[in-house]
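Descriptive analysis of the structure
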Amino acid sequence: MEHNKKVLIAELKEVYTILTDSGLLTIKKLRDLMVELGHPVTEIELKEMINAVDENGQLQNNGQFQIDFNSFCRVMLMAEREEQLKKFVKIFDKDKDGCLNKEELRQALTRTLGEEIDVAIINEMMKEADTDGDGRLSYDELLRMFSKYSTI
Ligand SMILES: [Ca+2]
Ligand SMILES: [Ca+2]
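Residues numbered from 1 in each chain as written. Chains lettered and ligands numbered in written order. Predicted model: local features only at pLDDT ≥ 70, side-chain atom pairs only at ≥ 80, totals over all residues.

With that settled, consider the overall build of the protein. For the protein, the count of helices and strands is seven helices and four strands. Along the protein, helices (α) and strands (β) appear in the sequence α-β-α-α-β-α-β-α-α-β-α when read from the amino end. Projected onto the principal axes, the alpha-carbon positions of the protein cover approximately 55 × 35 × 25 Å. Residue pairs at least 24 apart in sequence account for 46% of intrachain contacts in the protein once pairs closer than 6 positions are excluded. (Helix = DSSP H or I, 4+ residues; strand = E, 2+ residues; numbered from the N terminus. Contact = placed C-beta atoms within 7 Å.)

Let us now look at the UniProt feature "domain: EF-hand" (unreviewed entry) in the protein. When the UniProt feature table is mapped to this numbering, "domain: EF-hand" (unreviewed entry) covers residues 80–115 and 117–152. Structurally, residues 80–115 is divided into 69% helix and 6% strand, and its ends, taken at the C-alpha atoms, are 26 Å apart. (UniProt positions renumbered as here; feature names shortened; annotations may be inferred.)

This part takes up the confidence of the model for the protein. Scored by pLDDT, the protein has a mean of 86; 92% of the residues are at 70 or more. Model confidence for the protein, summarised as mean pLDDT per element, is weakest for strand S2 (residues 64–65) at 80 and strongest for strand S3 (residues 100–101) at 97. (pLDDT = per-residue confidence, 0-100.)

Before going further, it helps to spend a moment on the environment of Asn51. By the secondary structure assignment, Asn51 is in helix H3 (residues 43–53). Asn51 sits in the partly exposed class, given 13 other C-beta atoms within 10 Å. (Buried ≥ 20, exposed ≤ 12 C-beta atoms within 10 Å, placed from the backbone.)

A word on the domain arrangement of the protein. Size of an interface: often given as the accessible area lost when the parts come together. Annotation of the protein at the domain level lists domain 1 (2–79) and domain 2 (93–149). Between the C-alpha centres of domain 1 and domain 2 the distance comes to 29 Å. (Domains from an automatic or database assignment.)

Before going further, it helps to examine the packing of H3 against helix H4 (residues 69–92). Running from N to C, H3 and H4 point in directions that differ by 135 degrees, and their axes come no closer than 9 Å. With respect to H4, the element H3 is oriented oblique. In this structure, the crossing between H3 and H4 has a hand that is right-handed. Together, Met49, Ile50 and Val53 of H3 and Ser71, Arg74, Val75, Met78 and Ala79 of H4 make up the contact between the two elements. Residue composition of the contact of H3 with H4, grouped by class: six nonpolar, one polar and one charged. (Axes fitted to C-alpha atoms, helices over the stretch in contact; angles between N-to-C directions. Parallel < 35°, antiparallel > 145°, perpendicular 65-115°, else oblique. Left-handed = near helix turned anticlockwise from the far one by under 90°. Nonpolar A, V, L, I, M, F, W, Y, C, P; charged D, E, K, R; others polar.)

Here we come to the nonpolar core. Ranked by size, the top nonpolar core spans 13 residues in total, and within it Leu46, Met49, Ile50, Ile67, Val75 and Ala79 carry the most contacts. The biggest single contributor to this core is H4, with five residues. Each residue touching Ala79, except ones within four places of it in the same chain, is listed here: Met34, His39, Val41 and Met49. Residues Cys99, Leu100, Leu137 and Leu142 belong to the second largest nonpolar core, which totals seven residues. (Core = buried A, V, L, I, M, F, W, Y, C linked by C-beta atoms within 7 Å.)

Given below as structure tokens:
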């Protein structure tokens, strides 16, 4: 895992150097790269990610922006995580409503962790993550939950 991460960072460094060779990066350039890497994000999603990691708000109206290497890595890793989460929801969303209800979440965690999860823990997770209180975890609610527990 650690090794993979090092390789990944080295690869990102290379890509970053090429992309920022001419100074500013553009949304379009970055999106093309993401698509090439197998992350079919939209420009809107990408803008949201950049705004989320770039506190200085350097994103300009014409889609050009400056991004330092750390923020760049965070955007790339965020895209990776969103991609995994989309797959995760797709697998475990049995009734196909685009959300995970309590039972779907229980099955997902049981399968992922390989052991039965205590219902009390599931209830606790639901209570914390289900911010709009509709009894289901939407993609956005799941993403917030995963981001919180992720070490990246
Ligand atoms: Ca569902
Ligand atoms: Ca909800």
